[in-house]
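Each chain is listed here by its residues.
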Amino acid sequence: MELGRIPLSYCWVLLIIFNEGIRFTECHLFTSYNIDVERLANVISKVDLDVLLNGYISMNNIDHLKSYLGEYNKIRREIIESDVNKFLANPINEYLLIGRLAEWETIHQLIINLDSQNVSFVNNSIHERNNRDNLFLNVLSAKKLLPTNDDTAKAALGLLRLQTTYRVDTLDMAEGKIVSSGLNIYSSSPLTAQDCWLLGQQSYMIGQYDYAISWLKESLQRYHKEGHKTVKLEQILQYYVFASYKQELTQQLLQLMAPRGQTELRNIFDLSESQRAYTQTSTGQEDHNEDYSALCRGENLVENHVEDQLYCSYTFGNLGGALMRFQPIKKELVSRNPYIVWFLDVISDQDIDSVKNIAYPKMGQVLTINALNEERFQSQRRVGETTLLMDKNYSILRRIARQMEDITGYVLSEASNILSYGVGGHFSPHCDYIGTKTGNDLATLIFYLNEVEIGGSTVFPIAKKRVKPVKGSAAFWYNLNPNNGEEIPSTLHASCPILSGYKWVMVKSINSLEQRPEANVFN
Ligand SMILES: O=C(O)CCC(=O)C(=O)O
Ligand SMILES: [Fe+2]
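Summarised in this report is the structure supplied together with it.

About the criteria used
Residues numbered from 1 in each chain as written. Chains lettered and ligands numbered in written order. Predicted model: local features only at pLDDT ≥ 70, side-chain atom pairs only at ≥ 80, totals over all residues. Heavy atoms only, no water. Disulfide = S-S within 2.5 Å. Helix = DSSP H or I, 4+ residues; strand = E, 2+ residues; numbered from the N terminus. Buried < 20%, exposed > 50% of the residue type's maximum accessible area, 1.4 Å probe, protein only. Phe/Tyr/Trp six-rings, centres within 6.5 Å; stacked < 30°, edge-to-face > 60°. Lys NZ or Arg CZ within 6 Å of the ring centre and 35° of its normal. Donors = N, O, S within 2.8 Å, 3.2 Å for Na, K, Ca; no water. Salt bridge = Lys/Arg side-chain N within 4 Å of Asp/Glu carboxyl O. Contact = heavy atoms within 4.5 Å. Axes fitted to C-alpha atoms, helices over the stretch in contact; angles between N-to-C directions. Parallel < 35°, antiparallel > 145°, perpendicular 65-115°, else oblique. Nonpolar A, V, L, I, M, F, W, Y, C, P; charged D, E, K, R; others polar.

**Quick notes on the state of the cysteines**
Taken as a whole and judged by the stated rule, the model has one disulfide. Here Cys296 connects covalently by a disulfide to Cys496, the sulfurs 2.0 Å from one another. Residues Cys296 and Cys496 share a disulfide whose torsion about the S-S bond is about -85°; that sign makes it left-handed. One end of the pair, Cys296, is in helix α17 (residues 289-296); the other, Cys496, is in the loop between β19 (493-495) and β20 (498-500), with 200 residues separating them in the sequence. Look at Cys296 and you get buried, because its relative accessible area is 9%.

**Some details on the packing of aromatic side chains**
Tallying each qualifying case throughout the model produces nine aromatic pairs. Between the aromatic rings of Tyr410 and Tyr478, the centroid separation amounts to 6.0 Å while the plane-to-plane angle is 90°, which identifies the pairing as edge-to-face. One end of the pair, Tyr410, is in the loop between α21 (395-408) and β12 (415-421); the other, Tyr478, is in strand β18 (residues 474-478), with 68 residues separating them in the sequence. Take Tyr410 and Tyr478: they sit in the same class, and that class is buried. Put simply, the rings of Trp197, Tyr204, Tyr209 and Tyr239 touch in pairs and so form one group of aromatic residues. Positioned over the ring face of Tyr223 is Lys229, at 4.6 Å from the centre of the ring.

**Regarding the coordination of the iron ion (ligand 2)**
Note on the iron ion (ligand 2): its protein donors are His430 (NE2), Asp432 (OD) and His493 (NE2). The metal-donor distances range over 2.1 to 2.2 Å. Within one chain, the residues serving as donors to the iron ion (ligand 2) are arranged as H-x1-D-x60-H. Of the two residues, Asp432 is situated in the loop between β13 (426-430) and β14 (441-448) and His493 in strand β19; the sequence distance between them amounts to 61 residues. A residue is classified by how much of its surface remains accessible, and His493, at 3% relative accessible area, is buried.

**Observations concerning unusual backbone geometry**
As a rule of thumb, non-glycine residues mostly have phi less than zero, and peptide bonds are mostly trans rather than cis. In this structure, the amide linkage connecting Asn337 to the following residue, Pro338, adopts the cis form with an omega of 5°. Mapped onto the secondary structure, Pro338 falls in the loop between β5 (329-335) and β6 (340-344). Although it is not a glycine, Arg167 sits at a positive phi angle of roughly 50°. Of note, Arg167 is situated in the loop between α10 (149-166) and α11 (170-174). At Lys464, a position not held by glycine, the phi torsion is positive, near 60°. Among the structural elements, Lys464 can be located in the loop between β16 (458-460) and β17 (465-467).

**Some thoughts on the pattern of salt bridges**
Tallied over the full model, the rule gives 13 salt bridges. Arg100 is paired through a salt bridge with Glu71; the nearest N and O atoms lie 3.8 Å apart. Of this pair, Arg100 sits in helix α6 (residues 91-102) while Glu71 sits in helix α4 (residues 63-81), placing them 29 residues apart in sequence. Comparing Arg100 with Glu71, the two get one shared label, buried. Linking Arg222 and Glu175 is a salt bridge whose minimum nitrogen-to-oxygen distance equals 2.7 Å. A residue pair is termed long-range when its members are at least 10 positions apart, and Arg222 in helix α13 (residues 209-225) and Glu175 in the loop between α11 and β2 (177-180) qualify at 47 residues. A relative accessible area of 36% means that Glu175 is categorised as partly exposed. Through salt bridges with shared partners, one network takes in Glu71, Lys74, Arg100 and Asp195.

**Some points on the environment of Ile347**
Here Ile347 lies in the loop between β6 and α20 (349-359). Along the primary structure Ile347 and Ala474 are separated by 127 residues, whereas in three dimensions their C-alpha atoms are 8.5 Å apart. Among all residues touching Ile347, those that are not within four sequence positions of it are Ile352, Ile400, Phe447, Leu449 and Gly472.

**Overview of the packing of α10 against helix α12 (residues 193-205)**
For the pair α10 and α12, the least separation of the axes is 9 Å and the interaxial angle reads 75°. In terms of their interaxial angle, α10 and α12 are classed as roughly perpendicular. On α12, the residues touching Thr152, Ala153, Ala156, Leu157, Leu159 and Leu160 of α10 are Leu198, Leu199, Gln202 and Ser203. Classifying every residue of the contact of α10 with α12 by side-chain character gives seven nonpolar, three polar and no charged.

What follows is the structure in structure tokens.
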């Protein structure tokens, strides 16, 4: 049931009441790399490596330790001088933090080796040695928390994802700045030659040769200016030569091929098999990359006259729930074909807090199943945290589901999938229909559980539409045609990478086999 149709442009000027009031004790949770960066930042602010390393440096004059200590102290100072959350709002800072801490293990090994060789050091006073050993033990008691080199590589991939999606300039990024479509995020710690090298190396590994070359050039520039070298010249040159060679080769081959062949060739060059494997079958995402990132950047891809045909309205529910007659739900038509609607204020701040509190301790890394061997792995196509809650165990989830069943007329899945994305976290373009014996996903319903600072929209690259996460709202779309069950490929959608802040959503599916015959409420 709908109440009149109001042109979209006038729509929510009067209607939207942004949720304020009760606040969930907002916590940063993890980054996209599944590391508790906030705890790490606190560890770094407490551990003064000067005391520990200076003795070694003066004794051994080791370049590597010197430059490491300089870089470590730079970010330590920044954490101490600003506050941790402000520091972590910049994805570059997260990358640096993870990188510096991943080196602790190497530094530790280096000192152990020196220790065993350095006779003069062994002759130092027992008291002095004990002090240093105790300090190291303290540092290493945090070892469980310490990121590894693998984490740093993943953090680099996260940063590259942000760079390519939001078109951030390499030099700006190397200087610690993120400047894109009207937004500016600054860090006072520029990247070292080594940080840039790793970004170049990772770009090379995923076949982004243009980016690889620009990062390696930047690394080279920084290398020449660095007093204490953070990376070896051969390392930079090795990747630089290979990236240039492959880029040239790719360009030449691309020129020789027709457009379709070009896409295929790009796929061969760009992605290794393991990076390509993900739960859903391949969707031809590569063909929509440009629209995907333009939508993420907030660009409008739809002509105004098409936009004018959209409208918003009130809905009073379909099952005759008494409450909704007095408190109708605001509904906005986002797209006619594929059919996408957006409901406002469907979940209260208080309910959001309760759901997050239930989910928080259960959240774990999103794992993807490799379609070839059914092994679970951490895919770069879907980076975040998740948990599945069964509605039968939580009255609050049953209540929320009942209300949405009233609004949509459809029976919702028994499970609620809670997802959280940190900085760099995202979900690559995919379709939600899978087609199993237990029924296909007729429709998807996503509840947005917080406002995201920057990034994190749900975008539909083929439909050229975007739903911005607004706390308390929910998006609904059909994955299958409700009349004949046919899959709708234009429902291809994605969650844009988070540039700043984090995103929580609750996803419910609507299974085609579980519906009442008369249900089909949106026609
Ligand atoms: O988080 C989002 O915006 C999209 C999530 C999604 O597509 C899914 O869970 O299938
Ligand atoms: Fe999805």
